[in-house]
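Chain residues, written in single-letter form:
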Amino acid sequence: MIKLPFNKLLVICAAVAVAVVQGCSSMNQSECVHADWQLIGQADASKGVHSSVLDEYRHDCAEYAVVPAREDYHLGYQQGLKQFCTRSSGFFQGKKGSKYQGICPAVMEAAFLEGYNPGYELFMISDVMTTLRATMNDAERDIRTLNTRIGKKEQLLISDKSSAADRKRLLSEIKAHHREIFWLQQDAEDSRFKLLRKQSEYDQKIRSHTY
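The rules behind the values
- Residues numbered from 1 in each chain as written.
- Predicted model: local features only at pLDDT ≥ 70, side-chain atom pairs only at ≥ 80, totals over all residues.
- Heavy atoms only, no water.
- Helix = DSSP H or I, 4+ residues; strand = E, 2+ residues; numbered from the N terminus.
- Buried < 20%, exposed > 50% of the residue type's maximum accessible area, 1.4 Å probe, protein only.
- Contact = heavy atoms within 4.5 Å.
- Areas by Shrake-Rupley, 256 points an atom, 1.4 Å probe, with all protein chains shown as cover.
- Salt bridge = Lys/Arg side-chain N within 4 Å of Asp/Glu carboxyl O.
- Disulfide = S-S within 2.5 Å.

**Q** Tell me what's going on with the overall build of the chain, and back it up with residues and numbers.
**A** A count of helices and strands for the chain gives eight helices and zero strands. In sequence order, the chain lays out its α and β elements as α-α-α-α-α-α-α-α. Burial status across the chain gives 33% buried among its 211 residues. Partitioning the contacts of the chain with sequence separation of at least 6, the portion at a separation of at least 24 is 74%. Carbon and sulfur atoms make up 55% of the accessible area of the chain, which amounts to about 13000 Å² in all.

**Q** An account of the pattern of salt bridges is needed here, citing residue identities and associated values.
**A** Within this structure, the stated rule accounts for twelve salt bridges. For Arg-87, the salt bridge is made with Glu-114, and the minimal N-O distance between the two is 3.4 Å. Taken as a pair, Arg-87 in helix H6 (residues 87-95) and Glu-114 in helix H7 (residues 106-157) lie far apart in primary sequence, 27 residues in all. A salt bridge links Asp-138 to Arg-141, with the nearest nitrogen and oxygen atoms 3.3 Å apart. Here Arg-141 and Asp-138 lie together in helix H7, a separation of three residues that amounts to about one turn.

**Q** Help me get a handle on the state of the cysteines, residues and values and all.
**A** Tallied over the full model, the rule gives two disulfides. What pairs with Cys-32 in a disulfide is Cys-61, and their sulfur atoms sit 2.1 Å apart. On the sign convention where negative is left-handed, the bridge of Cys-32 and Cys-61, at about -85 degrees about the S-S bond, is left-handed. Separated by 29 residues along the polypeptide, Cys-32 in helix H2 (residues 29-33) and Cys-61 in helix H4 (residues 53-62) bring together distant segments of the chain. On the basis of relative accessibility, which here comes to 2%, the residue Cys-32 falls in the buried class. If you count the bonded cysteines of the chain from the N-terminus, they pair up as 1-2, 3-4.

**Q** Help me get a handle on unusual backbone geometry, residues and values and all.
**A** Look at Ala-65: it is not a glycine, yet its phi comes out positive at around 60 degrees. Looking at where Ala-65 falls in the secondary structure, it is placed in the loop between H4 and helix H5 (70-84). A relative accessible area of 73% means that Ala-65 is categorised as exposed.

The following block contains the structure:
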């Protein structure tokens, strides 16, 4: 399990995540006028949104002469924290790659991180696997493209219309394509081997965590 250094990294990530969440917190007139602030607070906390998003709501609703009910919002927010700050929730949030914004009270945070840290480890492994698959797919696509080019150039190589100079050039290009294919095959094989190891690591970790 990742220890303290990882937790410090989460704090750094939180600053970015807050900006992203707040940038998406716009409320229209109808939402401001008919808002159930306790329910909104509960929903925000249960999704891991930082309570500072209330400032964004206040800014949005000021245009419509509506002031958010701060006490109702925070009451709901505390209820939402009870849903969010659990070990199982932490594992789910970490596994899907959500950035923890440090919103859990100290008495709840240890349980949340107990689930979040291994969940986030799984997310990182999955992310590496996605990259490896993309590398394999790119290499296989490039190999197909090169084989197509080789086929066309081989046809030109035996064509009566090709001069001696053309055949010499085509032969050189075909050899170069075969060298490219060789290295692409090496890259694909290396990625395939790493992917198998990461898949094994992922499966082993997922079996060790039951949340």
